[in-house]
Amino acid sequence: MTTTTSVLGGAVRRREDPALVQGRGRYVDDIKLPGMLHAAFVRSPYARARITSIDASAALAMEGVHAVYTADDVRHLGPLLAQVPVGKLRPLLADGMVNHAGEAVAMVVAESRYLAQDAVDAVVVDYEPLEAVVDLRDAASDRIKVHDDLDSNVIITWEAGPFGNEEAMAETKRKIAEAKQRDDTVVVSLDMVNQRLIPTAIEPRAVLANWMPGYERFEVYSSTQVPHALAGAIAKTFGLASNAVRVVAPEVGGGFGAKLNVYADEILVSFASKALGRPVKYTETRRESPHNTIQGRGWLGTATIVGTRDGEVLGYEIHAICDMGAYSQNFTAAIPFLGVFVGSGQYKFPTHMKLDLVHTNTMTTDAYRGAGRPEAIYYLERILDEYAAAIGMDPAEVRRKNYIPADQFPGAMAPVGFALDTGDYEKNLDAALRFFGWEDLKAERDRARAEGRYVGLGLSSYVEVCGFGPSALVDLGFSWSEYGLPSAFNGSGLVRVNPDGTATVIIGTGPSGQGHQTTWAQIVSRELGIPEDRIRVTHGDTAESPMGIGTFGSRSAAVDGAATYEAAQKVREKAARIAAHLLEAAEEDIRFENGGIHVAGSPDKSLTWEDLAKTAYQPHLLPEGLGGGLEAHSVFSPSNATWPFGTHIAMVEVDPETGDVDILRYMAMDDCGNVINPMIVNGQIHGGIAQGVGQALFEDAIYDSDGNLLTGSLVDYPLPTAADLPNFELRRTVTPSDANPLGVKGIGEAGTIASAQTIVNAVVDALRPLGVRHIDMPLRPKRVWQAIQDAQSGRNG
Amino acid sequence: MKISLTINGREVSADVEPRTLLVHFLREDQGLTGTHIGCETSYCGACTVLVDGKTVKSCTMFAVQADGASITTVEGLADNGQLHPVQEGFWERHGLQCGYCTPGMIMSAVGLLQEKQSPSEDEIRHAIEGNLCRCTGYHNIVRAIEYAAAKMRGEEPPPPDWEEEEVSV
Ligand code: FES
Ligand code: FES
């Protein structure tokens, strides 16, 4: 084993941190504007009901209450805009009907937060409760329709294998059916739930809107990952030009996809601010957050695999019903489609996917870290393990045998119909097996088993699609067109060397802890040689930044980072011309090193950035026609999404008496192409794994059959704590992407996509001697214990 | 009601509604927005402060109950611009991403290190069990606290554990 370096920056400590560790970070709820009012919402206790009356008179009579708005006041603004308007769009406030528990029925605006809450309690709403639809099969049957004006609860069906080619898909289905008929094949099938999750950023969402009369302009602070989308949506809703809305995302306390949305509350406080002429703030409480901010996942499906006895998979099918909740928001119906992109994983076998997306009387689902990809990879990597067990083969070898071979890259075509950028799956698997000592781990497990302990090993490969994206994907909805901004998911970056020789970088991303100020300074410093501490990066402000798409889908470095890199190159080219002129040297001899500008081979000829910048801003000193200033902007559209991949391994021990699962070791070998800052990349993987482990072991958004959310508080919805998680052992292989000039791939979601089934595979492996074949997540002690009991009495598998 | 207390070494008197939570008093009345709110129901720990030297979740206490107390918030930790070793540890070991849980996490770590000079990893993990972080998976928070503990004992902190190198086979 050898090691080489492909780190573009280094583990530079973050620029963001000094303010944050001193409590000086500014989050939306920290901001106060003069005359600011507070909003609070009246929410439905029922999942499905007709609203028969709303009486706000008592609330309005309270001193300091400025307004109570209902659907009557905001109906003219239309439903909440969604980028993928498939299914029923959400009314800004419930209009005649409520369709999920906690749906906002009225908005109160008052002088203080406490008063607004008191006034909420004083609004009287009468409901006529109706039977709710919660169960996914029940919803798909259309026994009860969530929305009378839709033909069916099934709003769309995504089918692939490959996507968009009916003939080839028929051929895939035929091949799989044939393979099942053969008597030398093994067919393994499992019904599995990929449960609904509540994203739970620790900062609840908050928005502060300020209509500025005379300026005729909105200034909005929001805890959002997508400031430009929000600015567009507000402008379009109120019939304003997009440049009449400034959205600022200051510090954002975690997003994980839940803040990748335009929310009704953001539109409503804007409306109230305009109507009342005062700034209006709304901060959701933790208790209302699961009813107000999107949830994620929610698949009920069957995975079936057919293969030979020596590990050659001949076909894989997944049919699932996917829970969209009551209304479609930003990307709701597109999320399972992200699962389609990776439905066949890293493998070459024929794959058929069919996903029915249904409305239910529950909160909307949308992007939660991984978004469709963890679900798809979960089914695939779980069933592969069951197949490996059925034929008695090492699960790692089953995977190796079916990988798309390295010689098909770049541009290998996945069976679901998408071209991958770069990959070398076997290299990564081998690195994981050798580095973490797979054979030793197996021996250790076997020794433990011989001692009567229930120790298991789980392994999962994964491939992810991220870094959206290519301009051509606009046709699939990858654009902010529905918000009035028909821009492809380009990256953009602006690099300016200021007259004092410092640099300013402005990007259109909306990070929520990813450290863009640090990483972007590294990208620019590497190009220009200006020290990182002389480079300031700003983001998340639509008034300052070039058109930006936002931070989600592990896209920022691969797309906006690449754009910034290109902009820095343009600045460098111009700087080289100026330097050549000033130093009377050839342009190609100019070197940007050690924080200054030098001439190759002439150590005495050099300039500081201050010297050069000063000249750049005095055009009369420049060569004819060069023009003043030293800044450049670049818009970057990648040639493909990026497709990171990897292998994760977990070793767990189960206590059969209690059902407790203890993670003994967690090991990850990821490949996200080149790495800019390994410290930040590792941090992203840590957090990603933690969320996957959370799904595997703890988290579950459970609705009862009446549509009440039973796990809406942090007591019932336990997030992993420090005491629940192990240290993570991380290493990486490097297969640079060819879709962007930095060779980077996204890494924000990989850990989540890889980890849930790694844990479940390990637990099932631990319990296989007891006859357990599968346990649905979350693997809480009671469920594990029950599975053991059932297996022992012959009821499982 | 009238209350007097000390906040970050400064004497403060104020008139507060009896139902005002300490966290709201700190944030809204005193402008100390470093103390965050993640749940208001005592589960997340984002609001952790020191009250008379002990860690307390400031959403579980009314401001009036702090009458006469001495409170330290995250803003009060640094000494003349010099970061507290715990703050330094979080910076040095990438113990934060979005930074929202961080003030509470830091205050809990300060509380722990006041009691134990050399906590084991297990003790660290249990000491911050009441502080939720959704970003970091806690791995680097534990490293950050180990860093601070070493610093406060006057020892060289353990090196960071991220790798610059890839693995090739
Ligand atoms: S805000 Fe106090 S514990 Fe969450
Ligand atoms: S750093 Fe984001 S919640 Fe901990």
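This one's a predicted model, so the numbers in the text were calculated from it and none came from an experiment.

Draft legend 1. Molecular detail of the nonpolar core. Formed by 215 residues in total, the largest nonpolar core has its most connected members in F341 and W480 of chain A together with F90 of chain B. Here this core gets eleven residues from one element, more than from any other, and that element is helix α19 (residues 750-767) of chain A. Counting 45 residues, the second largest nonpolar core, distinct from the first, contains A563, V571, A575 and I590 of chain A.

Draft legend 2. Molecular detail of empty space enclosed by the protein. Residue and element names in this part refer to chain A. In the structure shown here, the tally under the stated rule is nine cavities of 30 Å³ or more. Its boundaries defined by the atoms lining it, the largest cavity holds a volume of some 720 Å³. As for the largest cavity, its lining consists of 50 residues, and the residues nearest its centre are F552, G553, S554, R555 and G748. Each residue belonging to the lining of the largest cavity can be placed in one class, and the counts come to 26 nonpolar, 19 polar and five charged. Within this model, the second largest cavity holds a volume of roughly 140 Å³.

Draft legend 3. Up close: the domain arrangement of chain B. All names here are of chain B. As assigned here, chain B comprises domain 1 (2-76) and domain 2 (85-155). Taken over C-alpha atoms, the centre of domain 1 sits 21 Å from the centre of domain 2. If you look at the interface, domain 1 gives 17 residues, while domain 2 gives 13 residues. Counting the surface lost from both domain 1 and domain 2, the interface buries some 1,200 Å², and carbon and sulfur atoms represent 58% of this. The largest share of the area that domain 1 buries against domain 2 comes from H36, T48 and V74, three residues that together contribute 37% of it. Here domain 1 and domain 2 share zero salt bridges between them. Where domain 1 meets domain 2, there are five residue pairs in polar contact (both at pLDDT 80 or more). Taken together, the elements giving at least two residues each to the side of domain 1 that touches domain 2 come down to β3 (48-51) and β4 (54-57). Among the elements that line the side of domain 1 that touches domain 2, the one with the most residues is β3, at three residues.

Draft legend 4. Representation of the sheet that holds strand β27 (residues 661-671) of chain A. Residues and elements named next belong to chain A. Spatially, four strands are ordered β16-β26-β27-β28 in an open sheet, and the strand pairing comes out mixed. Among the strands making up the open sheet, the edge pair consists of β16 (454-463) and β28 (728-732). For this sheet, the mean inter-axis angle between neighbouring strands, taken without regard to orientation, is 15°. Sheet topology note: the β27/β28 ladder contains five bridges and is parallel. Bridge pairing links Y666 to F728 in β28. Taken strand by strand, helix α18 (residues 678-697) contacts β26 (645-654), β27 and β28, and its axis lies near 130° from that of β28.

Draft legend 5. Molecular detail of the layout of surface pockets. Residue and element names in this part refer to chain A. Here the largest pocket is characterised by a volume of approximately 1,100 Å³. Counting residues per element, the ones that place at least two in the lining of the largest pocket are β1 (37-43), α4 (113-122) and β12 (280-283). Of the residues that constitute the lining of the largest pocket, the class distribution is 19 nonpolar, twelve polar and twelve charged. Considered as a void within the structure, the second largest pocket measures approximately 540 Å³ in volume. If you go around the second largest pocket, you meet 20 residues; those closest to its centre are E251, Q517, V537, T538 and H539. Only β11 (245-248) and β21 (535-539) provide two or more residues apiece to the lining of the second largest pocket. Looking at side-chain class alone, the lining of the second largest pocket contains seven nonpolar, four polar and nine charged residues. Each of two domains, domain 1 (31-130 + 202-254 + 259-292) and domain 3 (491-636), supplies a minimum of three residues to the lining of the second largest pocket.

Definitions and cut-offs
Residues numbered from 1 in each chain as written. Chains lettered and ligands numbered in written order. Predicted model: local features only at pLDDT ≥ 70, side-chain atom pairs only at ≥ 80, totals over all residues. Heavy atoms only, no water. Core = buried A, V, L, I, M, F, W, Y, C linked by side-chain atoms within 4.5 Å. Buried < 20%, exposed > 50% of the residue type's maximum accessible area, 1.4 Å probe, protein only. Helix = DSSP H or I, 4+ residues; strand = E, 2+ residues; numbered from the N terminus. 1 Å grid on protein atoms, 1.4 Å probe; cavity = no way out; pocket = protein on both sides within 12 Å on 5 of 7 lines; lining within 4 Å. Points joined across faces, edges and corners; volume = space filled by probe spheres on them. Nonpolar A, V, L, I, M, F, W, Y, C, P; charged D, E, K, R; others polar. Domains from an automatic or database assignment. Contact = heavy atoms within 4.5 Å. Buried area = accessible area lost by both parts, 1.4 Å probe. Salt bridge = Lys/Arg side-chain N within 4 Å of Asp/Glu carboxyl O. Polar contact = N/O pair within 3.5 Å; in protein donor to acceptor, adjacent residues only side chain to side chain. Pairing = 2+ DSSP bridges. Axes fitted to C-alpha atoms, helices over the stretch in contact; angles between N-to-C directions.

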